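Chain residues, written in single-letter form:
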Amino acid sequence: MAVEPVNVKEFQELARQVLPKMYYDFYNGGAEDQYTLGENIEAYHRITFHPRVLIDVSRISLSTTILGHHVSAPILIAPTAMHKLAHPEGEVATARAAATCNTIMVMSFGSTCTIEEVASSCNAARFFQLNIFKRRDLSALVVRRAERNRFKAIVLTVDTPRLGRREADIRNKMVAPQVKNFEGLLPTDVVSDKGSDLQAYAEATFDPSFSWKDIEWLRSITNLPILIKGILTREDAIKAMEVGVAGIIVSNHGARQLDYSPATISVLEEVVHAVEGKVPVLVDGGIRRGTDVFKALALGAQAVLIGRPIIYGLAVKGECGVRRVIEMLRDELELTMALSGCPSVNDITRGHVITERDRTRSML
């Protein structure tokens, strides 16, 4: 009998074994030297705990709300593309697992199932992730479809004026399947003689001129709340507030865009302080343990989003694998809360963690 994985890292190794190399490299790889890819994970390792004891933790509550939507734990599913490369049921399997776990899935615009297929697969709160195309009518069309199919928010990705240099995809000559939500609307024959078809596709379709002033256009075509994904600085957090977003996601695109950009957990506090509690701040990138979730919450995140681990679970065991990954992280978070003296997520405070900056200050 095969040994069951007991943590996300073991799911990753099993996914590496079952996925074709091209697809595993696509999901797992980062930009250029992949410095930020490693830092996203290592930065969590440099944060330690300051636990409290002799507190009644006989009952632990992980539940919280995100933009008014109740979730069983502050662990959401990040937007990742092309789930059918990992499993034949694709995003439908992921959506069902999210619904079973009572959490929110952010569906990628680059999904291999349609908005309608995911919406009809189960009853759950979902957000839709959007990139802005040169053809604004196509962006508007997909937003209207998301609204019509009862998606609850738009997550606007703002760190992709161009696609980052993902050398594994170039080396493997990564072939992109058709983006189902734009079937018949966008060209399907975009190819590159220099490597990755994904890069050629992005250059042909993404709008590099999209800027802060254009957020008003997006707000004008939808009544859904808009979260901005891709903020890494205090300055951009303040600008996001000025244009009226409903939430901010601290993200470096899974280290797939600008290499040597900071690890997301290392800049989370900067963004949280800039926002001053006016809108929720979420974070993604490098989260592999429930301890990581706890650290992000202690530094001010309302919730985290999980990307690659979801794909690993999907590749290994489909819907069941996605569910198991979420359960693992949730169970680890619950144990961390108990051992740190936190009966609920609201009891997790800045005083429960020690960062590198804290240690530096203590030596001054």
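Residues numbered from 1 in each chain as written. Predicted model: local features only at pLDDT ≥ 70, side-chain atom pairs only at ≥ 80, totals over all residues. Heavy atoms only, no water.

1. Side note on the UniProt feature "active site" (unreviewed entry) in the protein chain
Quick reminder of the rule: UniProt positions are given in the numbering used here, feature names are shortened, and annotations may be inferred rather than shown by experiment. Each helix is a run of DSSP H or I of at least 4 residues and each strand a run of E of at least 2, with the numbering of both proceeding from the N terminus. In this analysis, two residues are considered to be in contact whenever any of their non-hydrogen atoms come within 4.5 Å of each other.
Here the UniProt feature "active site" (unreviewed entry) sits at His253. Summarising the element assignment, His253 is placed in the loop between strand E9 (247–250) and helix H11 (264–275). Beyond its immediate chain neighbours, meaning those up to four positions away, His253 contacts Thr157, Asp159, Thr160, Arg166 and Lys229.

2. A few points about unusual backbone geometry
For clarity, the cut-off: Partly exposed residues are those whose accessible area sits between 20% and 50% of the maximum for their type, while under 20% is buried and over 50% is exposed, using a 1.4 Å probe and protein chains only.
Unusually for a residue other than glycine, Glu32 sits at a positive phi of about 45°. Following the sequence through the fold, Glu32 ends up in the loop between helix H2 (21–28) and helix H3 (35–45). Judged by its relative accessible area of 40%, Glu32 is partly exposed. Phi at Ala255 is positive, roughly 65°, even though this residue is not glycine. Along the polypeptide, Ala255 turns up in the loop between E9 and H11. Judged by its relative accessible area of 0%, Ala255 falls in the buried class.

3. Focus on the packing of aromatic side chains
A ring pair, where both rings are aromatic, is described by two values, the distance of the centres and the angle of the planes. Our working definition: Between 30 and 60 degrees the pair is tilted, below 30 it is stacked and above 60 it is edge-to-face, where a pair is any two Phe, Tyr or Trp rings, Trp via its six-membered ring, whose centres lie within 6.5 Å.
Tallied over the full model, the rule gives seven aromatic pairs. Measuring from centroid to centroid gives 5.4 Å for Phe49 and Phe294, while their planes differ by 90°, and the two rings are edge-to-face. One end of the pair, Phe49, is in strand E1 (residues 48–49); the other, Phe294, is in helix H12 (residues 290–298), with 245 residues separating them in the sequence. Its relative accessible area of 29% is what places Phe49 among the partly exposed residues. Taking relative accessible area as the criterion, Phe294 reaches 0% and is therefore assigned buried. Their ring planes at 70° and their centres at 5.6 Å tell us that Phe109 and Phe133 sit as a pair that is edge-to-face. A residue pair is termed long-range when its members are at least 10 positions apart, and Phe109 in the loop between strand E5 (105–107) and helix H5 (115–121) and Phe133 in the loop between strand E6 (126–130) and helix H6 (136–148) qualify at 24 residues. Residue classification places Phe109 among the buried positions, given a relative accessible area of 9%. With relative accessibility at 1%, the residue Phe133 sits in the buried group.

4. Notes on the packing of helix H10 (residues 234–242) against H11
Test applied: Note on geometry: axes are C-alpha line fits, over the in-contact stretch for helices, and angles between N-to-C directions span 0 to 180 degrees. By convention the crossing between two helices is left-handed if the near helix lies anticlockwise of the far one by an angle smaller than a right angle, and right-handed if it lies clockwise. Polar here means any residue outside two lists: the nonpolar Ala, Val, Leu, Ile, Met, Phe, Trp, Tyr, Cys and Pro, and the charged Asp, Glu, Lys and Arg; Gly therefore counts as polar.
At a minimum axis distance of 8 Å, the contact between H10 and H11 shows a crossing angle of 35°. Considering the relative orientation of H10 and H11, their crossing is right-handed. Touching Arg234, Glu235, Ala237, Ile238 and Met241 of H10 are Glu270, Val271, Ala274 and Val275, all from H11. Each residue belonging to the contact of H10 with H11 can be placed in one class, and the counts come to six nonpolar, no polar and three charged.

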